[in-house]
Amino acid sequence: MPGNIRLIIGPMFSQKTTCLTGYIHRYRSIGRTVLVVNHASDVRYGRDALCTHDGTSVPCRMRRDLRGLRGEPEYTDVSTIFIEEGQFFDDLAAFCRDAAGVDGKEVIVAALVATFDRRMFPSVAELIPYADHIEHRTALCCVCRDGTPAPFTKRIAAIEGCLVGGSESYAAVCGPHHNAPHRAINGAVGHLNDP
Ligand SMILES: [Zn+2]
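This one's a predicted model, so the numbers in the text were calculated from it and none came from an experiment.

Enquirer: Can you walk me through the packing of aromatic side chains in this structure?
Expert: Remark: the centre distance and the inter-plane angle together describe each pair of aromatic rings, the angle taken between the planes. Applying the stated criterion across every chain, the model contains three aromatic pairs. Ring centres 6.0 Å apart and planes at 65° place the aromatic pair Y75 and F95 in the edge-to-face group. Pair noted here: Y75 is in helix α2 (residues 73–76) and F95 is in helix α3 (residues 92–101), with a separation of 20 residues, a long-range link. The exposure class assigned to F95 is buried, which follows from its relative accessible area of 5%. Its end group placed over the ring of Y75, K105 keeps NZ or CZ at 4.7 Å from the ring centre. A cation sits over an aromatic face here: R118 above F152, 3.9 Å from the ring centre.

Enquirer: What exactly am I supposed to notice about the pattern of salt bridges here?
Expert: Close approach of charged atoms allows side chains of opposite charge to pair. Overall, the coordinates contain 12 salt bridges when judged by the stated rule. A salt bridge links E72 to R63, with the nearest nitrogen and oxygen atoms 3.1 Å apart. E72 gets classed as partly exposed once you look at its relative accessible area, which sits at 22%. A salt bridge links D98 to R70; its shortest N-O distance comes to 3.6 Å. Taken as a pair, D98 in helix α3 and R70 in the loop between β5 (61–63) and α2 lie far apart in primary sequence, 28 residues in all. Judged by its relative accessible area of 19%, D98 is buried.

Conventions and cut-offs
- Residues numbered from 1 in each chain as written.
- Predicted model: local features only at pLDDT ≥ 70, side-chain atom pairs only at ≥ 80, totals over all residues.
- Heavy atoms only, no water.
- Phe/Tyr/Trp six-rings, centres within 6.5 Å; stacked < 30°, edge-to-face > 60°.
- Helix = DSSP H or I, 4+ residues; strand = E, 2+ residues; numbered from the N terminus.
- Buried < 20%, exposed > 50% of the residue type's maximum accessible area, 1.4 Å probe, protein only.
- Lys NZ or Arg CZ within 6 Å of the ring centre and 35° of its normal.
- Salt bridge = Lys/Arg side-chain N within 4 Å of Asp/Glu carboxyl O.

These figures come from the coordinates and say nothing about function on their own.
See below:
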């Protein structure tokens, strides 16, 4: 099978890691050996393992960059490479391009679609022209709470019912709630149209 690149993008809380581990389990179920790489800055659940919120754990390599990986035996022996937190790897696009285009690997990348203030991550933007498949996931808006899709990450003060992560507080929200002022988001939903 020729190499190809699958990019899974979405905001925080859009189950990107669960999606990635789902692919990993599917490939393992047919006997494929895989290499899983996570960025060394992701220490949410301890090192050397990729964990989902449902507690599933997959061993992985923690790296600060992808340069040099192509020369390692662990890389040579596998046909599929999984990359978590793709937005943090400066050399993401160059690595994926060569892994798929030169080495014939299948590369599956999970990455944040944008920053909380809707700026592109350069490494993700550079990868898009090389991606064979792009899977855009959404969460559900934690302010609407009626199933409205949430394609965006917003930095907020913690509000009841919203998942928060990291040293700052973040939530997945719909477009109108991303544009709404913080005080409206943190207040009653009925006051969101206030100036
Ligand atoms: Zn909303």
